[in-house]
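Chain residues, written in single-letter form:
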Amino acid sequence: SNFCQGTAMIFDEEAMPLTRSWCLFELLHSLIRVEGGQGHTREQVTEPTCYEVLFCTSSGILNHGGASTEVSLNIGKRLAGLSLEGAERCSTGLSLQNAKASRDQDKQMIDLCVVSHMGSFEQIDMKLRNYMRSALTASREAAIRDFEHVNQQLDALDNFA
């Protein structure tokens, strides 16, 4: 829809949406929209009409630095081993190619759609890692600001002593 301004992908610490074919399908179409000139990455967003993909958690939006440090790190660690060409290359990470659907017919259609639009599962894997890397950078920067602020408050208390 032209009224949609983004996609919110809700993550738990295990990044379970990436194990589901229909969530992969939504991610694929969101990335197509972002990269097709109808949207932008977080760094390019200058107007509220831009489309972006948001990684949301129970503690906040990862892309905006709002998720807790622990949740952000756990999601990042889970995705660090992401391999779309097969689990044999990725013993601890996810494989989007191995995402499951309740119907084999749905899984086949979604896999064909990924390959048709991205060329390979490896390409969508790389795009997802890039988006997640950007989101984790925002999370890291927010955590550093928070720690610096607390340290400044502690320093200010020492100056009163």
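Heads up: the structure comes first, above all this text.
Conventions adopted
- Residues numbered from 1 in each chain as written.
- Predicted model: local features only at pLDDT ≥ 70, side-chain atom pairs only at ≥ 80, totals over all residues.
- Heavy atoms only, no water.
- Salt bridge = Lys/Arg side-chain N within 4 Å of Asp/Glu carboxyl O.
- Helix = DSSP H or I, 4+ residues; strand = E, 2+ residues; numbered from the N terminus.
- Patch = residues over 30% accessible without salt bridge, like charges linked within 9 Å, V, L, I, M, F, W, Y side chains within 5 Å.
- Areas by Shrake-Rupley, 256 points an atom, 1.4 Å probe, with all protein chains shown as cover.
- Pairing = 2+ DSSP bridges.
- Buried < 20%, exposed > 50% of the residue type's maximum accessible area, 1.4 Å probe, protein only.
- Core = buried A, V, L, I, M, F, W, Y, C linked by side-chain atoms within 4.5 Å.
- Contact = heavy atoms within 4.5 Å.
- Axes fitted to C-alpha atoms, helices over the stretch in contact; angles between N-to-C directions.
- Parallel < 35°, antiparallel > 145°, perpendicular 65-115°, else oblique.
- Left-handed = near helix turned anticlockwise from the far one by under 90°.
- Nonpolar A, V, L, I, M, F, W, Y, C, P; charged D, E, K, R; others polar.
- Phe/Tyr/Trp six-rings, centres within 6.5 Å; stacked < 30°, edge-to-face > 60°.

### A short note on the pattern of salt bridges
Then comes step 1: One pass over the full model with this rule turns up four salt bridges.
Then comes step 2: For E35, the salt bridge identified is with K127, shortest N-O distance 3.1 Å. Highlighted residues: E35 in helix α1 (residues 21-38) and K127 in helix α4 (residues 121-160), separated in sequence by 92 residues.

### With respect to a nonpolar patch on the surface
Then comes step 1: A grouping of V150, L154, L157 and F160 is seen on the molecular surface, where their side chains present a nonpolar patch of about 450 Å² in accessible area.
Then comes step 2: Within the secondary structure layout, L154 lies in helix α4.

### Points about the sheet that holds strand β1 (residues 6-10)
Then comes step 1: The three strands are arranged β1-β2-β3 in an open sheet whose pairing can be described as mixed. Of all the strands in the sheet, just β1 and β3 (60-61) have a single pairing partner and so form its edges.

### Observations regarding unusual backbone geometry
Then comes step 1: Look at A15: it is not a glycine, yet its phi comes out positive at around 55°.
Then comes step 2: Among the secondary structure elements, A15 is positioned in the loop between β1 and α1.
Then comes step 3: A15 sits in the buried class, given a relative accessible area of 0%.

### Quick notes on the nonpolar core
Then comes step 1: Counting 30 residues, the largest nonpolar core has F11, L18, L24, F55, I124 and M132 as its most contacted members.
Then comes step 2: At the level of elements, α1, β2 (52-57), α2 (69-80), α3 (104-118) and α4 are the ones that each hand at least two residues to this core.
Then comes step 3: In this structure M132 touches F11, F55, L62, I75 and L79, once residues within four positions along its chain are discounted.

### Thoughts on the packing of α2 against α4
Then comes step 1: Where α2 meets α4, the axes come as close as 10 Å, and the angle between the chain directions of the two elements is 155°. Judged on the interaxial angle alone, α4 and α2 are roughly antiparallel. As for the relative orientation of α2 and α4, their crossing is left-handed in sense. From α2, T69, S72, I75, G76 and L79 reach across to α4, where they touch L128, R129, M132, L136, S139 and A143.
Then comes step 2: Here the residues of the contact of α2 with α4 sort into six nonpolar, four polar and one charged.

### Topic: the packing of aromatic side chains
Then comes step 1: Under the definition given, this model contains two aromatic pairs.
Then comes step 2: Judged by centre distance (5.3 Å) and plane angle (75°), the ring pair of F11 and F55 falls under edge-to-face. On the criterion of sequence distance, the pair formed by F11 in the loop between β1 and α1 and F55 in strand β2 is long-range, its members being 44 residues apart. With respect to burial, F11 and F55 carry one shared label: buried.
Then comes step 3: On the basis of an interplanar angle of 75° and a centroid distance of 5.2 Å, the ring pair of W22 and F25 is categorised as edge-to-face. With W22 and F25 both in helix α1, this residue pair falls three residues apart, about one helical turn.
Then comes step 4: Residue classification places W22 among the partly exposed positions, given a relative accessible area of 40%.
Then comes step 5: By relative accessible area, which is 17% here, F25 ends up buried.

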